[in-house]
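As a plain string of letters, each chain reads:
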Amino acid sequence: MFDYLELAKIRTSCRKYNKEDVTDDEIQKIIYAANMAPIGSSRYEDIHLTVVKNREVLDSLAEAVQERFKDKETISKIIGEVKGEEVPTKGKDDPFYHAPVVIFISHRKQDLQPGIEWANVSSVALAMHLEATSLGLGSVFMWGALEASRVLPQFDKTYLLDIPEGFEPLLGLAIGHSVIEPKARELTDKKIKINEIK
Ligand SMILES: Cc1cc2nc3c(=O)[nH]c(=O)nc-3n(C[C@H](O)[C@H](O)[C@H](O)COP(=O)(O)O)c2cc1C
């Protein structure tokens, strides 16, 4: 059949894009992948995608992240060890890494099955990330940009996404052409700990 692990070896998060645009055909294929993703109880009507190529909108959304980065204590806890005095600054100026397109994934607000909205948007994001990889595009999940808008509501510009009433943007996927040529990584089973029940 298909060898998923061959794709997994070259899948990686891309944080450096060149200026080349993503074509409508590529975006269409990524949207097909989203629609083919597994969703709890098959409630696809609870998901909404917003394709954003508008730099001004992305710059406005980035402001919340720039503010959040001023809270160095929290950011250093999230990003990891602070080396010397400096807090790591990856994504500080542009959480979207200047990718030419970002697809935001929104979910209907609901309290029927708390938590399923996160599982659903992750499922969609991963499907799109893998399709972008298979198309030779770079991509990366976008959590930080939206989290900053949630924790700093005074900087929340997500209304610019014009998402339907009753939905909230939870994740995004930045997509573009990677500056770095994708290289196959070694397969590993050492990152995630396992226990077995026999
Ligand atoms: C739910 C989720 C949210 C993430 N959010 C961000 C993000 O906001 N910014 C970012 O640069 N990377 C983000 N990432 C990418 C992870 O940092 C990345 O997958 C991890 O470091 C492993 O690296 P790899 O994808 O290259 O294997 C996110 C990944 C996941 C699964």
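Presented here is an overview of the structure given in this document.

Rules used throughout
- Residues numbered from 1 in each chain as written.
- Predicted model: local features only at pLDDT ≥ 70, side-chain atom pairs only at ≥ 80, totals over all residues.
- Pairing = 2+ DSSP bridges.
- Helix = DSSP H or I, 4+ residues; strand = E, 2+ residues; numbered from the N terminus.
- Axes fitted to C-alpha atoms, helices over the stretch in contact; angles between N-to-C directions.
- Contact = placed C-beta atoms within 7 Å.
- Near = placed C-beta within 6 Å.
- Nonpolar A, V, L, I, M, F, W, Y, C, P; charged D, E, K, R; others polar.
- Left-handed = near helix turned anticlockwise from the far one by under 90°.
- Expected span 1.5 Å × (residues − 1).
- Buried ≥ 20, exposed ≤ 12 C-beta atoms within 10 Å, placed from the backbone.
- Arc of directions from axis to C-beta.

### Quick look at the sheet that holds strand 3 (residues 138–142)
Right, so step 1: An order of 1-2-4-3 is seen for the four strands of this open sheet, with the pairing classed as antiparallel. Each edge of the open sheet carries a strand with a single partner, namely strand 1 (47–52) and strand 3. Pairs of neighbouring strands in the sheet enclose a mean axial angle of 20 degrees, with direction left out of account.
Right, so step 2: In this structure, strand 1 lies alongside strand 2 (residues 101–108), joined through six bridges in antiparallel fashion. Residue pairing across strands places Val 52 opposite Val 102, the latter belonging to strand 2.
Right, so step 3: Packed on one face of the sheet, helix 5 (residues 116–134) meets strand 1, strand 2, strand 3 and strand 4 (167–176) and runs near 15 degrees to strand 4.

### Re the site of the ligand
Right, so step 1: By nearness alone, 10 residues border the ligand, and Thr 12, Ser 13, Phe 141, Trp 143 and Gly 144 come closest of all.
Right, so step 2: If one sorts the elements of the shell around the ligand by residue count, strand 3 sits on top with three residues.
Right, so step 3: Grouping the amino acids of the shell around the ligand by side-chain chemistry returns four nonpolar, five polar and one charged.

### Regarding the packing of helix 2 (residues 24–35) against helix 5
Right, so step 1: Here helix 2 crosses helix 5 at 140 degrees, and the two axes come no closer than 8 Å. Judged by the twist between their axes, the crossing of helix 2 over helix 5 is right-handed. In this structure, helix 2 uses Lys 29, Ile 30, Ala 33 and Ala 34 to contact helix 5, whose residues at the interface are Val 124, Ala 127, Met 128, Leu 130, Glu 131 and Ala 132.
Right, so step 2: The residue inventory of the contact of helix 2 with helix 5, partitioned by class, reads eight nonpolar, no polar and two charged.

### A short note on helix 2
Right, so step 1: A rise of 1.5 Å per residue sets the reference length of helix 2, with its 12 residues, at 16 Å; its end C-alpha atoms lie 16 Å apart and thus fit the reference within 8%.
Right, so step 2: Along helix 2, the residues that are buried comprise Ile 27, Ile 30 and Ala 34. Along the axis of helix 2, the buried residues cluster in a sector spanning 60 degrees; they form a single face. Turned more than 90 degrees away from the buried face of helix 2, the exposed residues are Asp 25, Gln 28 and Tyr 32.
Right, so step 3: Residues of helix 2 that are buried make contact with strand 1, strand 2, helix 5 and strand 4.

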